[in-house]
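A look at the structure
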Amino acid sequence: MLPRVLLQSGGGGALFFIILILLLGMVIWTYSDARRNSTHPAFLWAVVVFLAPLLGIVLYILLGRNA
């Protein structure tokens with residue numbers, strides 16, 4: 001039997017799962033924070049963060065929060 005290479009043995013699935021959990025956490029945090037601290041629709045900010053995670057978070061923090 002051939003030896004397994006680290007990333008070819010299913011380790012990518014775990015990495016994908018971790019990234020997915022982080023993405024969902026950012027979306028949930030943005031939605032809940034926007035409901036409390038923004039006059040803009042919270043759902044739209046959550047969609048922006050879901051579609052463009054890093055840019056969306058930066059835009060929300062700079063433009064979306066009233067605090």
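Read on for an overview of the structure.

Rules behind the numbers
- Residues numbered from 1 in each chain as written.
- Predicted model: local features only at pLDDT ≥ 70, side-chain atom pairs only at ≥ 80, totals over all residues.
- Heavy atoms only, no water.
- Patch = residues over 30% accessible without salt bridge, like charges linked within 9 Å, V, L, I, M, F, W, Y side chains within 5 Å.
- Areas by Shrake-Rupley, 256 points an atom, 1.4 Å probe, with all protein chains shown as cover.
- Salt bridge = Lys/Arg side-chain N within 4 Å of Asp/Glu carboxyl O.
- Helix = DSSP H or I, 4+ residues; strand = E, 2+ residues; numbered from the N terminus.
- Polar contact = N/O pair within 3.5 Å; in protein donor to acceptor, adjacent residues only side chain to side chain.
- Buried < 20%, exposed > 50% of the residue type's maximum accessible area, 1.4 Å probe, protein only.
- Arc of directions from axis to C-beta.

1. Some points on a nonpolar patch on the surface
- On the surface, Phe 16, Leu 20, Leu 24, Ile 28, Tyr 31, Phe 43, Leu 44, Val 47, Phe 50 and Leu 51 cluster together into a nonpolar patch covering about 1000 Å² of accessible area.
- Elements that contribute at least two residues to the nonpolar patch include exactly helix H1 (11-37) and helix H2 (42-51).
- Among the structural elements, Tyr 31 can be located in helix H1.

2. So, the pattern of salt bridges
- In total, this model carries 1 salt bridge according to the counting rule given.
- Two residues, Arg 65 and Asp 33, come together in a salt bridge whose shortest N-O distance is 2.9 Å. Taken together, the residues Arg 65 in the segment after helix H3 (53-64) and Asp 33 in helix H1 connect sequence positions 32 residues apart.

3. A closer look at the side chain of Ser 38
- The residue Ser 38 is located in the loop between H1 and H2 in this model.
- In terms of polar contacts, Ser 38 uses its side chain to reach the backbone carbonyl oxygen of Gly 64, at 2.7 Å.

4. Comments concerning H2
- By the burial criterion, the buried members of H2 are Ala 42, Trp 45, Ala 46 and Val 49. The arc that holds every buried residue of H2, seen down its axis, measures 100°, which confines them to one face. Every exposed residue of H2 that faces more than 90 degrees away from the buried side is listed here: Phe 43, Leu 44 and Leu 51.

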